[in-house]
Amino acid sequence: MSIINIPQFQEDLIIWFKNEQRQLPWRENQDPYRVWVSEIMLQQTKVDTVIPYFQNFMDHFPTLTALANADEQKVLKAWEGLGYYSRARNLQTAVREVVEQYDAKVPDDPKQLGNLKGVGPYTKGAILSIAFDKAEPAVDGNVMRVLSRILRIEEDIAKPKTRKTFEAAVRELISEENPSAFNQGLMELGALVCTPKKPSCLLCPVQEHCIAYRDGVEQTLPIKKKKIKQSSHTYFALVIQDDAGNYLLEQRPEQGLLAQLWQFPMVKKNEVDEKHLSAYIQEKFQTEVADINDLEPVKHVFSHLTWFLDVKHVTVKGEITLPTHMEQISKNEIKQYPLPVSHQNIYKQL
Ligand code: SF4
């Protein structure tokens, strides 16, 4: 670290951040609730995607108390399309705890904050530094990439323990006078200049401090060895429409992927083949299938798996026996239900 002129590095980074930062809605003030919501939304999600969701979320739930008192389905509805829905549920659980235990004020104590559901080390550091001006590290993949280059750190950033190396580095580098601008400067540098592929070193405000640039190895950093194994699942997605024009929706289980969201009924293609689909539907719903037509197939990529949905429009005659967790709903009412993106894309075809 001694090869870096730390005060000069801090100054160059902070001045650049103050002049070049993007105007983002959560940067309008240092309200810890807004910082918190934005940081949760930004996990695994691009800034441009988050902006309208953030604004809408703040319109609906402008305060901790408003979010604590809100109906969970309304919260999920406001999150619809952002993905990783457990983030929304955890956020609401944690916000309720803050309202009940901390008099509706986000705690600025690292331990109390870190114990809240969904608040990991990065989010904790981001809230403490950005909202409360505390000199705490906020290290995510973005910051690890930037610092791995500036300090030429060649540890594998896919390994969880490597984060500690970077947190220790930030503790040495961070500006005590302005930790908020320092941490946001590192994040902004990663977003705008020190990008994953082809960093813009020639425009970089901290180029003179950057060891990887000096050594010509910036393109080989960070080291990231682990690959996430992708699996794919193929389903029939059944858009079942009854005599009255209503559709069947089922609610997903309470735990796991897309928990408690609503969808058109799905069945794995390795459990029933196309020839027997009509018989399957007749048996499952105790009804008579009048017609089955193809709709456009839908593909959806999650972080670790991909869904291929073979979408069928099924018209049925007479009574339907509704399995648990299913409802008959008019086309218009479906809009009130939180659907995953893949099923919104099916809905758009109706
Ligand atoms: Fe990143 Fe290049 Fe700047 Fe180094 S000089 S911090 S590699 S953009």
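Residues numbered from 1 in each chain as written. Predicted model: local features only at pLDDT ≥ 70, side-chain atom pairs only at ≥ 80, totals over all residues. Heavy atoms only, no water.

Draft legend 1. Structural detail: the overall build of the chain. Helix and strand counts for the chain stand at 15 helices and eight strands. A principal-axis box enclosing the C-alpha atoms of the chain has dimensions of 80 × 50 × 30 Å. Within the chain, the fraction of its 350 residues that count as buried is 49%. In the chain, the share of contacts with a sequence separation of at least 24, taken over all contacts with a separation of at least 6, comes to 70%. For the chain, the accessible surface area stands at approximately 17,700 Å², while carbon and sulfur atoms represent 47% of it. (Helix = DSSP H or I, 4+ residues; strand = E, 2+ residues; numbered from the N terminus. Buried < 20%, exposed > 50% of the residue type's maximum accessible area, 1.4 Å probe, protein only. Contact = heavy atoms within 4.5 Å. Areas by Shrake-Rupley, 256 points an atom, 1.4 Å probe, with all protein chains shown as cover.)

Draft legend 2. Quick peek at the nonpolar core. In this structure, Trp36, Phe57, Ile150 and Leu189 are the most contacted members of the largest nonpolar core, which totals 98 residues. Each residue touching phenylalanine 57, except ones within four places of it in the same chain, is listed here: Tyr33, Val37, Met41, Leu67, Val75, Ala78, Trp79 and Leu91. One finds Phe236, Val289, Val314 and Ile320 within the second-largest nonpolar core, a separate group that totals 14 residues. (Core = buried A, V, L, I, M, F, W, Y, C linked by side-chain atoms within 4.5 Å.)

Draft legend 3. Expanded view of the domain arrangement of the chain. In terms of domains, the chain is made up of domain 1 (31-132), domain 2 (135-226) and domain 3 (231-347). Computed over C-alpha atoms only, the centres of domain 1 and domain 3 are separated by 31 Å. On the domain 3 side, the residues contacting the nine residues of domain 1 number 15 residues. Where domain 1 meets domain 3, there are zero salt bridges. The biggest single contributor to the side of domain 1 that touches domain 3 is helix α5 (residues 72-79), with four residues. For the side of domain 1 that touches domain 3, the class distribution of residues is three nonpolar, two polar and four charged. (Domains from an automatic or database assignment. Salt bridge = Lys/Arg side-chain N within 4 Å of Asp/Glu carboxyl O. Nonpolar A, V, L, I, M, F, W, Y, C, P; charged D, E, K, R; others polar.)

Draft legend 4. Layout of the environment of isoleucine 150. Along the polypeptide, isoleucine 150 turns up in helix α9 (residues 141-150). Separated by 64 residues in the primary sequence, isoleucine 150 and arginine 214 place their C-alpha atoms 9.3 Å from one another. Setting aside chain neighbours within four positions, we find isoleucine 150 in contact with Ile4, Phe9, Leu189, Val206, His209, Cys210, Ile211 and Ala212.

Draft legend 5. Broad picture of the packing of helix α2 (residues 32-42) against helix α8 (residues 121-131). With their axes 9 Å apart at the nearest point, α2 and α8 run at an angle of 145° to one another. As α2 packs across α8, the resulting crossing turns out to be right-handed. Along the contact surface, α2 presents Pro32, Val35, Trp36, Glu39 and Ile40, while α8 presents Tyr122, Thr123, Ala126, Ile127, Ile130 and Ala131. Looking at the contact of α2 with α8 residue by residue, the classes come out as nine nonpolar, one polar and one charged. (Axes fitted to C-alpha atoms, helices over the stretch in contact; angles between N-to-C directions. Left-handed = near helix turned anticlockwise from the far one by under 90°.)

Draft legend 6. Representation of the pattern of salt bridges in the model. Evaluation of the coordinates by the stated rule reveals 16 salt bridges. Arginine 27 is the salt-bridge partner of glutamate 188, the closest N and O atoms lying 2.9 Å from each other. Pair noted here: glutamate 188 is in helix α11 (residues 179-192) and arginine 27 is in the loop between α1 (6-20) and α2, with a separation of 161 residues, a long-range link. On the basis of relative accessibility, which here comes to 1%, the residue glutamate 188 falls in the buried class.

Draft legend 7. Highlighting the packing of aromatic side chains. Enumeration over the complete set of coordinates arrives at seven aromatic pairs. Aromatic side chains tyrosine 235 and tryptophan 307 sit 5.7 Å apart centroid to centroid with 70° between the ring planes, which places their arrangement in the edge-to-face category. Linking tyrosine 235 in strand β1 (residues 231-241) with tryptophan 307 in strand β7 (residues 305-317), this pair joins segments that are 72 residues apart in sequence. Per residue, the accessibility class of tyrosine 235 equals that of tryptophan 307, and both read buried. (Phe/Tyr/Trp six-rings, centres within 6.5 Å; stacked < 30°, edge-to-face > 60°.)

Draft legend 8. Main features of the pairing of strand β2 (residues 247-251). For β2, the buried fraction is high: four of the five residues fall into the buried class. Of the pairings in the sheet, the one linking β2 to strand β8 (residues 326-329) comprises four bridges and is antiparallel in character. By the bridge assignment, glutamate 250 is partnered in β8 with methionine 326. As paired strands, β2 and strand β3 (residues 262-263) are joined by two bridges and run antiparallel to one another. Residue pairing for β3: glutamate 250 is matched across the bridge by glutamine 263. (Pairing = 2+ DSSP bridges.)

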